[in-house]
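Coordinate inspection notes
What follows is the residue order along each chain.
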Amino acid sequence: MPATASAVVDVRRKVESGQRITPADALTLWREASDTELRQMASLVRGRYHDPQSCTYMVMRIINYTNVCVAQCDYCAFYKLPGQEGGYVLSQEQVFAKIDELIAMGGDLVAFNGGFNPQLPLDYYCDLFRSIRDRYGDRIEFYALTIAEFMYLADHAKLSYAAAAERLKAAGVRWITGGGSEILTESFRRRHSKFKYTVTQYFEAQRAVIESGLRTSATMVIGFDETIEERIEHLERTRIFQDGIGDGNSGLGSFLCWTYKPYFTQLGGIEIATQEYLRHLALSRIYLDNIPRIRTSVLTQNERALEGLLYGADDFDLPLEDEVTQKAGATISLEFDKLLNVARGLGFRPSYRHVATGWDLPSQ
Ligand code: SF4
């Protein structure tokens, strides 16, 4: 047997016996394992958490409440600097109209994502979230902010992460997301988003959010100029963090990876192939053995994202809108039945997952 094939067999034995793989093992899988081998190993690990034919989905929309941002990430086609033409902040009425439209289309999850807008104080957010909870109760759930915006907000208000989390919680917030992580290495952050935060700060904020009793999630974006070693470092840091927090029911609720859209960005580049994304999903499922829910991105991969269910994913969004990725080239289909039929055609039984009716547990 050639040396490389035997290296894959060694890692495969580890996966089959439930042992953890190391960063070096992950590199071996990435470089040497076939697509079929990765699929099989990822499906095996998926099967420890989920029925092999089951999968879940949500109809949701991302509400981009402001595009004004001072972070100036070079991979972003969405932001306007303060005072620049085209900058906006949505009113509460505009936000309500978007939520009403989501409900009319059968959805019940909203995710807020905007920029680091220095003109918006913490009270703007608390008023907005309180008014949503008052108006809709538990009919919908909302992911209040990405962790990146949360950190900016706390710093801007001169509050600790813990104190800022308490303020949001008092305003009816239950969820933040891990959005804004892209690639969690200090080198990547220096190259592309030096005004955003360090990796150390990112995990400090995630910890404070969880310790305050709010829920949060893990995310990742691939396809910039990151190396495979950087991708594996991101997975390793995420796994270590989750180990220190607990399990998927008390720590990071899920892991969602999507792909960079390069159009109209300063960084530019070309999109990675879907097959590369699927291989990365499989690697993530195998590596992140302490996060039960692995999500595939219809927003950036359209119906081909559903092949991710064969590569270890168990859950996906059907999104109505996300200006951030749409500005950079993402296209959204509202033919939800067609998308669900793609999942069915691959042998899965999709069922709706209502975050609004309780905690986001894998058994829901
Ligand atoms: S990615 Fe987010 S933080 Fe970075 S410039 Fe765009 S809106 Fe701002």
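Residues numbered from 1 in each chain as written. Predicted model: local features only at pLDDT ≥ 70, side-chain atom pairs only at ≥ 80, totals over all residues. Heavy atoms only, no water.

1. Here we look at the overall build of the chain
Going by this rule: In this description a helix means any DSSP run of H or I spanning at least four residues, a strand means any run of E spanning at least two, and both kinds are numbered starting from the N terminus. Computation of the radius of gyration draws on C-alpha atoms, with the globule rule given as 2.2 Å multiplied by the number of residues to the power 0.38. Using a 1.4 Å probe on the protein chains alone, a residue whose accessible area is under 20% of its type maximum counts as buried, one over 50% counts as exposed, and one in between counts as partly exposed. For this analysis, residues touch if any pair of their heavy atoms sits within 4.5 Å. Note on areas: these come from Shrake-Rupley sampling with a 1.4 Å probe, and a residue is covered only by the protein chains present in the view. Under the convention used here, Asp and Glu are negative, Lys and Arg are positive, and both His and the chain ends fall outside the count. For this purpose, a charge sits on NZ of Lys, CZ of Arg, CG of Asp or CD of Glu.
Each helix and strand in the chain was counted, giving 14 helices and nine strands. At 20 Å, the chain has a C-alpha radius of gyration in line with the 21 Å of a compact globule built from 364 residues. Structurally, the chain occupies a C-alpha span of about 65 × 40 × 40 Å along its principal axes. Considering the chain as a whole, with its 364 residues, one finds that 57% of them fall into the buried category. Counting only contacts in the chain whose residues sit at least 6 apart along the sequence, the fraction spanning at least 24 positions is 74%. With an accessible surface of roughly 14300 Å², the chain has 52% of that area assigned to carbon and sulfur atoms. Considering the chain, the positive charge centre built from 40 side chains and the negative charge centre built from 47 side chains are found 2 Å apart.

2. Details of the pattern of salt bridges
This is how it is decided: Here, a salt bridge means any side-chain nitrogen of Lys or Arg that lies within 4 Å of a carboxyl oxygen of Asp or Glu.
For the structure shown, the criterion picks out 33 salt bridges. For the salt bridge of Lys14 with Asp25, the shortest nitrogen-to-oxygen distance reads 2.6 Å. Here Lys14 is found in helix α1 (residues 3-16), whereas its partner Asp25 is found in helix α2 (residues 23-32), with eleven residues between them in sequence. For Arg20, the salt bridge identified is with Asp243, shortest N-O distance 2.7 Å. Linking Arg20 in the loop between α1 and α2 with Asp243 in helix α10 (residues 228-245), this pair joins segments that are 223 residues apart in sequence. Among the residues examined, Asp243 registers a relative accessible area of 42% and is labelled partly exposed. One salt-bridge network, held together by shared partners, links Arg133, Asp138, Glu141 and Arg174.

3. Looking at the confidence of the model for the chain
Detailed reading of the predicted model is not advised wherever pLDDT is low. Which entries qualify depends on this criterion: Confidence scores labelled pLDDT are given residue by residue by the predictor and lie between 0 and 100.
Looking at the chain as a whole, its pLDDT mean stands at 93, while 95% of the residues score no less than 70. Low pLDDT, under 50, characterises residues 358-364; the predicted model gives this stretch 21 contacts beyond four residues in sequence or across chains.

4. Some remarks on the nonpolar core
The nonpolar side chains of soluble globular proteins are, as a tendency, buried together. To keep it simple, the criterion reads: The nonpolar core is taken to be a set of buried Ala, Val, Leu, Ile, Met, Phe, Trp, Tyr and Cys residues, with the residues joined through side-chain atoms within 4.5 Å.
If you look at the biggest cluster of nonpolar residues, it comprises 112 residues, and the most contacted ones within it are Leu29, Phe112, Phe129, Ile132, Phe150 and Phe316. For this core, the element with the highest residue contribution is helix α5 (residues 122-136), accounting for eight residues. Residues within four places of Leu29 in sequence aside, it is in contact with Val8, Val11, Ile21, Leu38, Met41, Arg279, Leu283 and Ile286. Ranked by size, the runner-up nonpolar core spans nine residues in total, among them Met58, Met60, Tyr143 and Leu299.

5. Concerning helix α4 (residues 92-104)
Here is the rule: What a helix is expected to span follows from its residue count: subtract one and scale by 1.5 Å. As used here, the arc is the angular range of directions from the helix axis to the C-beta atoms.
Taking 1.5 Å of rise per residue, the 13 residues of α4 would be expected to cover 18 Å, and the 18 Å separating its terminal C-alpha atoms lies within 8% of that figure. Residues of α4 that are buried: Val95, Phe96, Lys98, Ile99 and Leu102. Down the axis, α4 shows its buried residues gathered within 160 degrees of arc, on one side only. Looking at α4, the residues exposed on the side facing more than 90 degrees away from the buried face are Glu93 and Ala104. Buried-residue contacts for α4 involve β1 (54-63), β2 (109-112) and α5. Two residues or fewer past α4, Gly106 is found with a positive phi of approximately 90 degrees.

6. Concerning the packing of aromatic side chains
Applied cut-off: A pair of Phe, Tyr and Trp rings is counted when the ring centres sit within 6.5 Å of each other, with Trp represented by its six-membered ring. The angle between the planes then sorts it: under 30 degrees is stacked, over 60 is edge-to-face, the rest tilted. To sit over a ring, a charge needs its Lys NZ or Arg CZ within 6 Å of the ring centre and within 35 degrees of the ring normal.
Applying the stated criterion across every chain, the model contains 21 aromatic pairs. Members of the aromatic cluster, each reached through a chain of ring pairs, are Tyr65, Phe112, Tyr124, Tyr125, Phe129 and Phe142. Over the ring of Tyr287 we find Arg239; its NZ or CZ atom is 3.9 Å from the centre of that ring. The ring centre of Trp30 lies 5.3 Å from the NZ or CZ of Arg279, which sits over that ring.

7. What to know about the environment of Val45
Relative to the assigned elements, Val45 resides in helix α3 (residues 35-46). Note: C-alpha distance between Val45 and Pro292 (247 residues apart in sequence) is 9.4 Å. In contact with Val45, other than residues within four places in its own chain, are Val15, Arg285 and Ile286.

8. Here we look at unusual backbone geometry
Residue Lys158 is not a glycine yet carries a positive backbone phi of 55 degrees. One can find Lys158 in the loop between α6 (147-156) and α7 (161-170). Residue classification places Lys158 among the exposed positions, given a relative accessible area of 75%. One non-glycine residue, Phe264, lies in positive phi territory at about 65 degrees. With respect to the helices and strands, the residue Phe264 is situated in the loop between β6 (252-259) and α11 (274-287). For Phe264, a relative accessible area of 75% translates into the label exposed.

9. Here's the deal with the pairing of strand β8 (residues 315-319)
So the rule is basically this: Paired strands are those between which DSSP finds at least two bridges.
Counted residue by residue, β8 has five buried out of five residues, so it is predominantly covered. Side-chain alternation along β8 places Asp315, Asp317 and Pro319 on one buried face and Phe316 and Leu318 on a second face that is also buried. Both β1 and β8 contribute to a ladder of five bridges, which runs parallel. For Tyr57, the partnering residue across the bridge sits in β8 and is Phe316. Taken together, the two bridges between strand β7 (residues 294-296) and β8 define a ladder with parallel strand orientation. Counterpart to Arg295 in the pairing with β8 is Asp315.

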